[in-house]
Protein chains: 2
Amino acid sequence: MKRIEQYASFGGRQEVWEHASKTLGVDMTLGVYLPPAALNGKACPVLYWLSGLTCTEQNVITKAGAQQYAAQHGIIFVCPDTSPRGEDVADDKAYDLGQGAGFYLNATQAPWAPHFRMEDYVVEELPSLIDQHFNTRGQQGISGHSMGGHGALTLALRHPGVYQSVSAFSPIVAPSQVPWGQKAFSAYLGDNREAWAEHDAVELIAHASEPLPILVDQGDADHFLEEQLKPELLEAACQRANHPLTLRMQPGYDHSYYFIASFIGDHFAHHAKAFAH
Amino acid sequence: MKRIEQYASFGGRQEVWEHASKTLGVDMTLGVYLPPAALNGKACPVLYWLSGLTCTEQNVITKAGAQQYAAQHGIIFVCPDTSPRGEDVADDKAYDLGQGAGFYLNATQAPWAPHFRMEDYVVEELPSLIDQHFNTRGQQGISGHSMGGHGALTLALRHPGVYQSVSAFSPIVAPSQVPWGQKAFSAYLGDNREAWAEHDAVELIAHASEPLPILVDQGDADHFLEEQLKPELLEAACQRANHPLTLRMQPGYDHSYYFIASFIGDHFAHHAKAFAH
């Protein structure tokens, strides 16, 4: 694991690391923000951030304004890339499939299967790496945006006990029912709809084994709201399953990092509250 | 004046506008953040932000995290581009001359003279445009980064009474004495050193006609510190002239927007305090 960028930020340090991922079979980059508490030797909880389609770690670390809240709450903020990348990695010309569009699952279909294993990477390899290199304390939360919101919700629901807290911005809550998800799931998982249900937050919520409270922010001026995001499906599923959900429809907000920056402070507070228990 | 982008942000609205500049003879873009107070019809003060070499309005509006403080203090935040641009505008292959490097002065030399009139643009045309299109209240401050820090300091010093407050991040305080400034001034102003002195904060401070307090933040890990920035020259000039300066050397910080984001809240507070008088 090699540090390739570092910047002083809000009394802490924003870093970018590169490492050879055994899970993905390629070199990966990730953002790590170390709050002042971590630099002063205190063991800190970790918040994982999963980014959306086309993003790398750079979008969130440069545009979300997350560092000030991570500093304030003493949280290490870890931001992986959205897929394996490289000349030897399968890709597609479209922005919503292949490199930059890993969908936080382990692909079972060719040509994606060998490298596209983002679920194992995020849930297993990455925390192991972070715990080994930084002073963590066994508490972790997960959040993300759009495709990464889908990732945060599904990984938290699929791995009970692993995350103490979960939240999402503009998540794809029902990928099996919308074009982005149907395209990606067909490619990565094949035509078996039962396999799709295992990576669909609305499907998973019915069988959730722990009532981890979910915070979701969604802009009501988001161009993807009606076709791709459909937060009302998550709301209905949570009501049916009696699963705690705070869904905030934010008037006038869109799908951009201006939206995320405006409310990410509330998400840090949500995760910090869970870590304090 | 035509709005080309808009995003809800911290209860207000980040906009990008385009207009045909009479001063520069080209179309210019600028960022305008309207705080919630402005959207609610309240007349607001304006803070102008001058960006550094190579930047457009996009760098500061996406990376500085300024909107939350503008929202909190009820300040309209206006961010022009760093030079005229276009196929008909003179340019140079280097990043530090020509398009993206206007140095906030009116060029007197060919081939720059016809379009490179950033001083008149920032001090006259832009405020006139802003006052015409938005609900301002006749108070304005100026700040900026690096080349834009030079711009903020020199424009405030050259136009007493126009700005109620001034601050800068990592400013080029003595362009006549450093490579960036010497190259730009030779090109834009010719070899006449007396003309250079009129655009050099360290020279101007000796003759300042009003004691406008200056806030400067400077990272001590800034790679440009020793060769290009030299804040000690500003400190000495202010001491000689008995001009109020708060120079904060920030340990470990560099020249990036991570640095700006960490302290821009203090700069908004500095300007808001001046507007409150």
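Conventions and cut-offs
Residues numbered from 1 in each chain as written. Chains lettered and ligands numbered in written order. Predicted model: local features only at pLDDT ≥ 70, side-chain atom pairs only at ≥ 80, totals over all residues. Heavy atoms only, no water. pLDDT = per-residue confidence, 0-100. Pairing = 2+ DSSP bridges. Helix = DSSP H or I, 4+ residues; strand = E, 2+ residues; numbered from the N terminus. Axes fitted to C-alpha atoms, helices over the stretch in contact; angles between N-to-C directions. Contact = heavy atoms within 4.5 Å. Buried area = accessible area lost by both parts, 1.4 Å probe. Salt bridge = Lys/Arg side-chain N within 4 Å of Asp/Glu carboxyl O. Least-squares fit on C-alpha atoms with pLDDT ≥ 70 in both. Expected span 1.5 Å × (residues − 1). Buried < 20%, exposed > 50% of the residue type's maximum accessible area, 1.4 Å probe, protein only. Polar contact = N/O pair within 3.5 Å; in protein donor to acceptor, adjacent residues only side chain to side chain. Phe/Tyr/Trp six-rings, centres within 6.5 Å; stacked < 30°, edge-to-face > 60°. Right-handed = clockwise from strand over helix to strand, strands pointing away.

## Let's talk about the confidence of the model for chain A
Of the residues in chain A, 100% have a pLDDT of 70 or more, and the chain-wide mean is 98. Interface predicted TM-score (ipTM) for the complex: 0.96; the corresponding pTM is 0.97.

## Thoughts on the sheet that holds strand β2 (residues 12-21) of chain A
Residue and element names in this part refer to chain A. The nine strands are arranged β1-β2-β3-β5-β4-β6-β7-β8-β9 in an open sheet whose pairing can be described as mixed. Since the sheet does not close on itself, it has two edges, and those belong to β1 (2-9) and β9 (245-250), each with one partner. Across the sheet, the axes of successive neighbouring strands diverge by a mean angle of 20°, strand direction being ignored. Relative to strand β5 (residues 76-80), strand β4 (residues 44-50) runs parallel, the two being bridged by three bridges. The residue of β5 that forms the bridge with V46 is I76. Along the sheet, helix α5 (residues 147-158) makes contact with β4, β6 (136-144), β7 (165-169) and β8 (214-219), crossing β6 at roughly 130°.

## Regarding the interface of chain B and chain A
Contacts between the two partners involve 21 residues from chain B, matched on the other side by 21 residues from chain A. For the pair chain B and chain A, the two sides together bury roughly 1600 Å², of which 55% comes from carbon and sulfur. For chain B, the biggest contributors to the area lost against chain A are A8(B), F10(B) and Y258(B); these three give 40% of the whole. On inspection of chain B and its partner chain A, the count reaches zero salt bridges.

## Let's talk about the relation of the copies chain B and chain A
Take chain B, turn it by 180°, move it 0.0 Å along the axis, and it overlays chain A with an RMSD of 0.0 Å. The transformation relating the two chain copies, once decomposed into turn and shift, fits a two-fold axis. Ranked by how close their C-alpha atoms come to the rotation axis, the residues of chain B are headed by K63(B), at 2.6 Å.

## Considerations on helix α5 (residues 147-158) of chain B
Taking 1.5 Å as the rise per residue, α5(B) with 12 residues should run 16 Å; its terminal C-alpha atoms sit 16 Å apart, in good agreement. Among all positions in α5(B), only M147(B), G148(B), G149(B), H150(B), G151(B), A152(B), L153(B), T154(B), L155(B), A156(B) and L157(B) are buried.

## A word on the side chain of T82(B)
Residue and element names in this part refer to chain B. Position of T82 among the secondary structure elements: in the loop between β5 (76-80) and α4 (118-133). Of note is the side chain of T82, whose polar atom sits 3.5 Å from the side chain of D81. Aside from chain neighbours lying at most four places away, what touches T82 is S51, G52, C55, G100, A101, G102, F103, Y104, M118 and M147.

## Here we look at the packing of aromatic side chains
Summed over all chains, the structure comprises 32 aromatic pairs over all chains. An angle of 75° between the planes, with centres 6.4 Å apart, marks the rings of F103(A) and F185(A) as edge-to-face. Of this pair, F103(A) sits in the loop between β5 and α4 (118-133) while F185(A) sits in helix α6 (residues 179-189), and the two are 82 residues apart along the sequence. Here F103(A) matches F185(A) in class, with each residue buried. Between W49(B) and F77(B), the aromatic rings sit 6.3 Å apart at their centres with planes inclined by 55°, giving tilted as the arrangement.

## Observations regarding the sheet that holds strand β8 (residues 214-219) of chain B
Residue and element names in this part refer to chain B. Strands sit in the order β1-β2-β3-β5-β4-β6-β7-β8-β9 across an open sheet of nine strands; the sheet is mixed. Strands at the two margins of the open sheet, each flanked by one partner only, are β1 (2-9) and β9 (245-250). Each neighbouring strand pair of the sheet contributes to a mean axis angle of 20°, computed without reference to strand direction. Inspection of the sheet shows strand β4 (residues 44-50) paired to strand β6 (residues 136-144) by six bridges, in the parallel sense. For V46, the partnering residue across the bridge sits in β6 and is Q140. On top of the sheet, helix α10 (residues 231-241) reaches β8 and β9; it is set at about 155° to β9, its chief contact. Against the sheet, helix α11 (residues 257-276) touches β4, β5, β6, β7 (165-169), β8 and β9, its axis set at about 170° to β7.

## Thoughts on the environment of R3(A)
Residue and element names in this part refer to chain A. Residue placement: R3 occurs in strand β1. Taking the C-alpha atoms as reference, R3 lies 25 Å from Y257; in sequence the two are 254 residues apart. Not counting the four nearest positions on each side in its chain, R3 is found in contact with R13, E15, V16 and W17. Only 2.8 Å separates the side chain of R3 from the side chain of E15, close enough to count as a polar contact.

## Some remarks on the environment of H115(B)
Residue and element names in this part refer to chain B. Its place among the elements puts H115 in the loop between β5 and α4. The class of H115 is buried, set by a relative accessible area of 17%. When the C-alpha positions of H115 and D266 are compared, they lie 35 Å apart, and in sequence the two are 151 residues distant. Polar side-chain contacts of H115 include one of 2.7 Å to the backbone oxygen of L24.

## A few points about the pattern of salt bridges
All names here are of chain A. Counting across every chain of the model gives 18 salt bridges over all chains. Note that R3 and E15 form a salt bridge whose closest N and O atoms lie 2.8 Å from each other. Linking R3 in strand β1 with E15 in strand β2, this pair joins segments that are 12 residues apart in sequence. We classify R3 as partly exposed; its relative accessible area is 36%. Under the relative-accessibility criterion, E15 is labelled buried at 0%. Here the residues in one salt-bridge network are R3, R13 and E15, joined through shared partners.

## Section: the pairing of β6(B)
All names here are of chain B. Here β6 lies mainly inside the structure; seven of its nine residues are buried. Pairing analysis gives two bridges linking β6 to β7, with the strands arranged parallel. Bridge pairing in β7 places G141 opposite S165. On the question of chirality, the crossover connecting β6 to the parallel β7 by way of α5 is right-handed.

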